[in-house]
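# Commentary on secondary and tertiary structure
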Amino acid sequence: MNTLRLEIYTPNGVLFNGEVTSVTVPGTKGVFTVMFNHGAIISSLTEGKIKYTIDEKISTIEVLGGFAEVKNNVVTVCLETIIK
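These notes cover the structure that comes with them.

Our focus in this paragraph is the pairing of strand S2 (residues 13-20). Two faces belong to every sheet, and in a regular strand the side chains alternate between them. With seven bridges joining them, strand S1 (residues 4-10) and S2 adopt antiparallel strand pairing. Bridging across to S2, Thr10 finds its partner in Gly13. Linking S1 back to S2 in an antiparallel pair, the connection comprises two residues.

Laid out in structure tokens, this is it:
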């Protein structure tokens, strides 16, 4: 199975760090999904939901904004805050 590493950081520390099959983020220019071998990109994030899939199970985190970087099958997300 082709996976990528998702790392989600908040000011309080690491929120998630693990292997996923896909991740969807609320980019300021629109929602986009990242899968294995996605091209490199840096995007600011807006209020919305981050959705990531592990073994066909979808998990969701509501966020207010931040940044995402995709490079070499690693998605790094830095969040300003999350909605609990």
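A separate point is the pattern of salt bridges. Applying the stated criterion across every chain yields a total of one salt bridge. For the salt bridge of Arg5 with Glu19, the shortest nitrogen-to-oxygen distance reads 3.0 Å. With Arg5 in strand S1 and Glu19 in strand S2, this pair connects stretches of sequence that are 14 residues apart. Classification of Arg5 as partly exposed rests on a relative accessible area of 28%. Residue Glu19 is classed as partly exposed on the basis of its relative accessible area of 37%.

Within the largest apolar cluster, 19 residues are counted, with the highest numbers of intra-cluster contacts made by Leu6, Val23, Val75 and Val77. When residues of this core are assigned to their parent elements, the largest contribution, four residues, is made by strand S7 (residues 57-71). For Val77, the residues in contact, after removing those within four places along its chain, are Leu6, Glu7, Ile8, Tyr9, Leu45, Ile50, Phe67 and Ala68.

A C-alpha to C-alpha distance of 9.3 Å links Arg5 and Ser22, two positions 17 residues apart in sequence. If we ignore the near neighbours within four places in the chain, the residues touching Arg5 are Asn17, Gly18, Glu19, Asn73, Val74 and Val75. At 3.0 Å, the side chain of Arg5 forms a polar contact with the side chain of Glu19.

Now for the packing of aromatic side chains. Enumeration according to the criterion identifies one aromatic pair in this entry. Plain terms: the ring middles of Phe16 and Tyr52 are 4.6 Å apart, the flat faces sit at 40° to each other, and that makes the pair tilted. Note that Phe16 is positioned in strand S2 and Tyr52 in strand S6 (residues 48-54), a separation of 36 residues in sequence. The exposure class of Phe16 is buried, given its relative accessible area of 17%.

Let us look at the side chain of Ser22. When you line up the elements, Ser22 lands in strand S3 (residues 22-27). Apart from the residues within four sequence positions on either side, Ser22 is in contact with Thr33, Val34, Met35, Lys51, Tyr52 and Thr53.

Moving on, we get to unusual backbone geometry. For Glu56, which is not glycine, the phi dihedral falls at a positive 70°. In this fold, Glu56 is placed in the loop between S6 and S7. For Glu56, a relative accessible area of 78% corresponds to the exposed category. Its identity is not glycine, yet Asn73 carries a phi of approximately 65°, on the positive side. In this structure, Asn73 sits in the loop between S7 and strand S8 (74-83).

Rules used throughout
Residues numbered from 1 in each chain as written. Predicted model: local features only at pLDDT ≥ 70, side-chain atom pairs only at ≥ 80, totals over all residues. Heavy atoms only, no water. Pairing = 2+ DSSP bridges. Helix = DSSP H or I, 4+ residues; strand = E, 2+ residues; numbered from the N terminus. Salt bridge = Lys/Arg side-chain N within 4 Å of Asp/Glu carboxyl O. Buried < 20%, exposed > 50% of the residue type's maximum accessible area, 1.4 Å probe, protein only. Core = buried A, V, L, I, M, F, W, Y, C linked by side-chain atoms within 4.5 Å. Contact = heavy atoms within 4.5 Å. Polar contact = N/O pair within 3.5 Å; in protein donor to acceptor, adjacent residues only side chain to side chain. Phe/Tyr/Trp six-rings, centres within 6.5 Å; stacked < 30°, edge-to-face > 60°.

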